2 protein chains.
Amino acid sequence: MKSQITILGGGSWGTALAKLLSENGNDVTVWLRDENQCRELSETRINKKYLPEVKIPQDIVFVSDINKAVENSQILLIVTPTQIVRGVLKQIKEEYKTNKIIVNASKGIEVGTLNRVSEIVAQETKNCTYAVISGPSHAEEVGINMPTAVTVASSDREVAEMLQDIFMSSYFRVYTNDDVIGVELGGALKNIIALGAGISDGVGYGDNAKAALMNRGIVEITRLGIALGADIHTFSGLSGIGDLIVTCTSLHSRNRNAGYLIGQGYSKEEAVKKVGMVVEGISTTYAAYELARKMNIDMPIVDAMYDVLENNADVKETVNKLMLRDKKEEKL
Amino acid sequence: MKSQITILGGGSWGTALAKLLSENGNDVTVWLRDENQCRELSETRINKKYLPEVKIPQDIVFVSDINKAVENSQILLIVTPTQIVRGVLKQIKEEYKTNKIIVNASKGIEVGTLNRVSEIVAQETKNCTYAVISGPSHAEEVGINMPTAVTVASSDREVAEMLQDIFMSSYFRVYTNDDVIGVELGGALKNIIALGAGISDGVGYGDNAKAALMNRGIVEITRLGIALGADIHTFSGLSGIGDLIVTCTSLHSRNRNAGYLIGQGYSKEEAVKKVGMVVEGISTTYAAYELARKMNIDMPIVDAMYDVLENNADVKETVNKLMLRDKKEEKL
């Protein structure tokens, strides 16, 4: 089965997925805003900036005109940063974003609206079927065929199974799921905990503290997720704790690294500057703090993170308060 | 509230817990089989072999006569290896193992009987109330007051809450739980996945593979646990995925390290010899393989591990088979 797939965005993850989907026998077009970059990738078959170790298959087409890129495709795969998804979709003509399958691989919550990507897509396209792909998947490893397992979620079971067939390969195992909200929230909210794990490392705490933070962190995320309509079990899955594990323990995670600098005493502005890229965990902490209040959910770790980020609270004192608060049962 | 507590076993975890409980104001006696070691610890206040960086409080008493050690205590804390728990309890006079609280901190399943420690205790003592303490807790970190969070489970809620009061401190946060079976199984079965994580690292796979293994591993453990009477949510807790995270990612875990050597091509016998200590994950893999068959539970990762350990199956081929087996929903 050969599908016409257009990938919106050519960062590391977009490039790794383009290679995978092309190897699996699909017609793959990658849209990149920048014409020079399109030409360079097309000629060199190397994404020097984002995924230099991967040879890009010859038959992948790079296009900088977004309407040309998407006009004939059945499937649009979104791999841009979350904050620009709406703007990118707005550039596509109505007729080219109707009756398609839209798969989102971007993890975040839109600042201001607090929308998930599924909500943005619902607002900006017409009669499209939405799916989200997520899980512990460094592009650098997928790009060199290292074993990886992910989740594809859609409320349309047939579409989820079709996408499972399209993505699955000997090194890329795909599970289906019907909980779109849970998969989207897990992917976005994990960055808060990764930032916190970095702070814990930066201040000099050990593996016990980090494991407790990850574990109690996913409990809080689950609590908020359930209130927002997600299934409790999704957060124990690949897109929940699975992705959280990779993000909190990897030295490549910019959220963890920004946290590390904050733990070492840098301000959040200095930390972001030093990391040199968007640190989603910071804006997501503010979003979760707001959502927790709105939904009346107890999120002590998010509150503590907010206190550190917004009020420059002392990290060790904040941890002390967390450790000594009311004695609890181990429950949601 | 001051309790009379006897700790059976003076390895690293026994020593760290002795210090914690003494600091919390309890009368603590530690039983060690070896008289010379008792004298040495008593005089030097350093456990040179197992926890050299920790100063042992002056008022902890070391005793080598087990009946003297336990006669006046209200609480017995078991911190010996699982395989010798039964033998140790058999040495205690009936009258000294009646009507006490027994807290188990040992993680494993008895070879041969497939008993959990709660079952051993029920068989070898009389009218005792049982609790188990577990979670991500390297002794080396607890010993130097690094933040740590654990679970205490008992079917007797009042006892669980009393133990929460006794153990909790500014660096040691304790949650209560009523699922003894789940907490015991999580602690024991995680060693299988730690062994597998080591194999994955040893053979050269990356973070994605390890996160997938940990995540799908806990799914299998949960499946088996439910069949054996545990609560599904316990495996998402500190004693489940929390402990699994620490064990799979720490370079100090001997299960992970033995797996690493197997992944590098050593036989399991050579790996155990090189690690120089008991590698519980190997016997636990065999126990889980047996239990999965007995309870008719699908455990593909345990089967694969068994195949590698028992039949010297090639690791890469085994992973390939795991990746390409039937397409699945992400469900229990």
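Residues numbered from 1 in each chain as written. Chains lettered and ligands numbered in written order. Predicted model: local features only at pLDDT ≥ 70, side-chain atom pairs only at ≥ 80, totals over all residues. Heavy atoms only, no water.

To continue, consider the interface of chain A and chain B. On the side of chain B, 57 residues touch chain A, which itself brings 57 residues to the contact. Buried area between chain A and chain B, summed over both chains or domains, comes out near 4,800 Å², and the portion from carbon and sulfur atoms is 56%. Put simply, chain A and chain B have 4 salt bridges between them. B:Glu329 is the salt-bridge partner of A:Arg157, the closest N and O atoms lying 3.2 Å from each other. Connecting chain A to chain B are 41 residue pairs in polar contact (both at pLDDT 80 or more). Of the residues belonging to the side of chain A that touches chain B, the class tally is 24 nonpolar, 21 polar and 12 charged. Bridge analysis of strand 8 (residues 172-177) of chain A against strand 9 (residues 328-329) of chain B gives 2 bridges, and the strand direction is parallel. Considered in strand 9 of chain B, the bridge of A:Tyr175 is made with B:Lys328. (Contact = heavy atoms within 4.5 Å. Buried area = accessible area lost by both parts, 1.4 Å probe. Salt bridge = Lys/Arg side-chain N within 4 Å of Asp/Glu carboxyl O. Polar contact = N/O pair within 3.5 Å; in protein donor to acceptor, adjacent residues only side chain to side chain. Nonpolar A, V, L, I, M, F, W, Y, C, P; charged D, E, K, R; others polar. Pairing = 2+ DSSP bridges. Helix = DSSP H or I, 4+ residues; strand = E, 2+ residues; numbered from the N terminus.)

This next bit is on the sheet that holds strand 6 (residues 129-134) of chain A. Judged by pairing direction, the sheet is mixed, and its 9 strands sit side by side in the order 3(A)-2(A)-1(A)-4(A)-5(A)-6(A)-7(A)-8(A)-9(B) without closing on themselves. Pairing within the sheet leaves two strands with one partner each, and these edge strands are strand 3 (61-63) of chain A together with strand 9 of chain B. Relative to strand 7 (residues 148-153) of chain A, strand 6 of chain A runs antiparallel, the two being bridged by 3 bridges. Looking across to strand 7 of chain A, one finds that A:Ile133 is bridged to A:Val152.

A cluster of acidic residues, A:Asp65, A:Glu71, A:Glu94 and A:Glu95, forms a negative patch at the surface. With respect to the element layout, A:Asp65 can be found in the loop between strand 3 and helix 3 (66-70). (Patch = residues over 30% accessible without salt bridge, like charges linked within 9 Å, V, L, I, M, F, W, Y side chains within 5 Å. Areas by Shrake-Rupley, 256 points an atom, 1.4 Å probe, with all protein chains shown as cover. Lys, Arg positive; Asp, Glu negative; His and termini not counted. Charge placed at Lys NZ, Arg CZ, Asp CG, Glu CD.)

Our next topic: the packing of helix 10 (residues 238-249) of chain A against helix 10 (residues 238-249) of chain B. Helix 10 of chain B packs onto helix 10 of chain A with a crossing angle of 40° between their chain directions and a minimal axis gap of 12 Å. Judged on the interaxial angle alone, helix 10 of chain B and helix 10 of chain A are oblique. Crossing geometry of helix 10 of chain A relative to helix 10 of chain B is assigned as right-handed. Across the interface between the two elements, A:Ile241, A:Ile245 and A:Thr249 of helix 10 of chain A pack against B:Ile241, B:Ile245 and B:Thr249 of helix 10 of chain B. The residue inventory of the contact of helix 10 of chain A with helix 10 of chain B, partitioned by class, reads 4 nonpolar, 2 polar and no charged. (Axes fitted to C-alpha atoms, helices over the stretch in contact; angles between N-to-C directions. Parallel < 35°, antiparallel > 145°, perpendicular 65-115°, else oblique. Left-handed = near helix turned anticlockwise from the far one by under 90°.)

A separate point is the packing of aromatic side chains. Residues and elements named next belong to chain A. Enumeration according to the criterion identifies 4 aromatic pairs over all chains in this entry. Arranged with centres 5.4 Å apart and planes meeting at 65°, the rings of Tyr 286 and Tyr 306 form a pair that is edge-to-face. Taken together, the residues span a long stretch of sequence, with Tyr 286 in helix 13 (residues 280-295) and Tyr 306 in helix 14 (residues 300-311) at a distance of 20 residues. Owing to a relative accessible area of 23%, Tyr 286 belongs among the partly exposed residues under this scheme. (Phe/Tyr/Trp six-rings, centres within 6.5 Å; stacked < 30°, edge-to-face > 60°. Buried < 20%, exposed > 50% of the residue type's maximum accessible area, 1.4 Å probe, protein only.)

What follows covers the pairing of strand 6 (residues 129-134) of chain B. Residue and element names in this part refer to chain B. Here strand 6 lies mainly inside the structure; 5 of its 6 residues are buried. Where strand 5 (residues 101-104) and strand 6 come together, 4 bridges link them in parallel fashion. Across the sheet, Val 103 pairs through a bridge with Ala 131, a residue of strand 6. Traced from strand 5 through helix 5 (residues 117-124) to strand 6, the parallel crossover comes out right-handed. (Right-handed = clockwise from strand over helix to strand, strands pointing away.)

For the rest of this paragraph, the subject is helix 9 (residues 207-227) of chain B. All names here are of chain B. Over its 21 residues, helix 9 runs 30 Å from end to end, which matches the ideal 30 Å to within 8%, given 1.5 Å per residue. In terms of residue burial, helix 9 counts as a mostly covered element, since 18 of its 21 residues are buried. Immediately downstream of helix 9, the backbone of Gly 229 shows phi near 105°, a positive value. (Expected span 1.5 Å × (residues − 1).)

What follows is about the nonpolar core. Buried together is how nonpolar side chains tend to be arranged in soluble globular proteins. Core analysis: the biggest nonpolar cluster contains 95 residues, and A:Leu189, A:Ile193, B:Leu189 and B:Ile193 have the highest contact counts within it. Apart from the residues within four sequence positions on either side, A:Leu189 is in contact with A:Ile109, A:Ile221, A:Leu224, A:Thr284 and A:Ala288. (Core = buried A, V, L, I, M, F, W, Y, C linked by side-chain atoms within 4.5 Å.)

Bringing the environment of B:Lys274 into the picture now. All names here are of chain B. If you trace the backbone, Lys 274 turns up in helix 12 (residues 268-275). With a relative accessible area of 52%, Lys 274 lands in the exposed category. Distance in space between the C-alpha atoms of Lys 274 and Ile 245 is 24 Å, their sequence separation being 29 residues. The residues contacting Lys 274, other than those within four sequence positions of it, are Leu 261 and Tyr 266.

Residues and elements named next belong to chain B. Relative to the helices and strands, Glu 220 resides in helix 9. Despite its burial, Glu 220 pairs with no opposite charge; the closest candidate is Arg 223, at 4.8 Å N-O. A polar contact is formed between the side chain of Glu 220 and the backbone nitrogen of Val 302, at a distance of 3.2 Å.

Under the fitted operation, chain A is carried onto chain B by 0.0 Å of movement along the axis and a turn of 180°, and the coordinates agree to an RMSD of 0.0 Å. Expressed as a symmetry operation, the mapping of one chain copy onto the other fits a two-fold axis. When C-alpha distances to the rotation axis are compared across chain A, the minimum falls at A:Ser236, with a value of 3.2 Å. Taken as a fraction of all interface residues of chain A, those also at the interface in chain B reach 100%, which identifies the copy contact as same-surface. (Least-squares fit on C-alpha atoms with pLDDT ≥ 70 in both.)

Residues and elements named next belong to chain A. Applying the stated criterion across every chain, the model contains 38 salt bridges over all chains. One salt bridge connects Arg 293 with Asp 303, and the closest N-O pair in it is separated by 3.3 Å. Residue Arg 293 is found in helix 13, and its partner Asp 303 is found in helix 14; the two are separated by 10 residues along the sequence. Here Arg 293 falls in the partly exposed class, since its relative accessible area comes to 44%.

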